[in-house]
Amino acid sequence: LRGIELILQTLAKVKKKSRAKLELLAIVLTFYAKRKTVNKQILNMLTKSRPFGKIPIFKTVIRDNVALAEAPSHGQSIIDYKQGSPGAEDYMELAAEFLRLQGMGVHNLDIVTGTHHRPGILQALGLARRQGLALPVVWNTGGYETLQAVDELRQDVDVWLFDLKFYAPTLSAALAGAPDYFAVA
């Protein structure tokens, strides 16, 4: 929930300074396991209590499952690794939602902190593009991507937004356990 709060704060600052008509369209819940009480509580809070206002939640929820965890270690997206798995089904549904958003007239798909879901997101984008998705993709990142990740994303990402978090190695080491953050980012 802290991540959502930070995204909303950043969005508010950008809107104030640029007078842009930006809005958060929806949130995709990931690593969701309905058997975990904390997951049910977060979903309930976001959909009923609405601590951040009326932010829609994507219909698609990326369920936590073993195949999702295994696929990256095999160098494959979840759809290529185990097509019938819940994770593969979820990312195929996400592709359909991308197309529905385009039909609603949105201007782009902004993926925030998506690196750990990169293979599935790229597969969903590929599926949606083959079905007519033409929206530009914005990749919002903390800038700590590997060269391999950037290379994998470069054909699908149209705009990169880097949030440089630290300059001083002592600060990045203390707060993020990454003394080389600035040099890498």
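Thresholds, definitions, all that
- Residues numbered from 1 in each chain as written.
- Predicted model: local features only at pLDDT ≥ 70, side-chain atom pairs only at ≥ 80, totals over all residues.
- Heavy atoms only, no water.
- Helix = DSSP H or I, 4+ residues; strand = E, 2+ residues; numbered from the N terminus.
- Buried < 20%, exposed > 50% of the residue type's maximum accessible area, 1.4 Å probe, protein only.
- Pairing = 2+ DSSP bridges.
- Axes fitted to C-alpha atoms, helices over the stretch in contact; angles between N-to-C directions.
- Right-handed = clockwise from strand over helix to strand, strands pointing away.

Trainee: Mind showing me how you'd approach the environment of Gly-103 here?
Mentor: Here Gly-103 is to be found in helix H5 (residues 86-104). Here Gly-103 falls in the exposed class, since its relative accessible area comes to 70%. Sequence separation between Gly-103 and Leu-133 is 30 residues; the distance between their C-alpha atoms is 9.3 Å.

Trainee: How should the sheet that holds strand E5 (residues 159-162) be read in this particular structure?
Mentor: Backbone hydrogen bonds are what pair the strands of a sheet, in a parallel or an antiparallel way. The sheet built from 3 strands is open, its strands ordered E3-E4-E5 with parallel pairing. If you trace the sheet from one side to the other, it starts and ends with strand E3 (109-112) and E5, each paired once. Shown here is a sheet whose adjacent strand axes are inclined to one another by a mean of 20 degrees, direction ignored. Here strand E4 (residues 137-141) pairs with E5 via 4 bridges, running parallel. In the sheet register, Trp-139 faces E5, and the bridge partner there is Trp-160.

Trainee: Any chance you could explain the pairing of E4 here in plain terms?
Mentor: For a regular strand, the rule is simple: side chains alternate between the two faces of the sheet. The element E4 is extensively covered by neighbouring structure, given that 5 of its 5 residues are classed as buried. Burial along E4 is two-sided: the residues Val-137, Trp-139 and Thr-141 and Val-138 and Asn-140 are all buried. Bridge count between E3 and E4: 4 bridges; the pairing is parallel. By the bridge assignment, Leu-109 is partnered in E4 with Val-137. Taking the sense of rotation as the criterion, the β-α-β connection linking E3, helix H6 (residues 118-130) and E4 turns out right-handed. Between the parallel pair E4 and E5, the chain is carried across by helix H7 (residues 147-153), and the sense of this crossover is right-handed.

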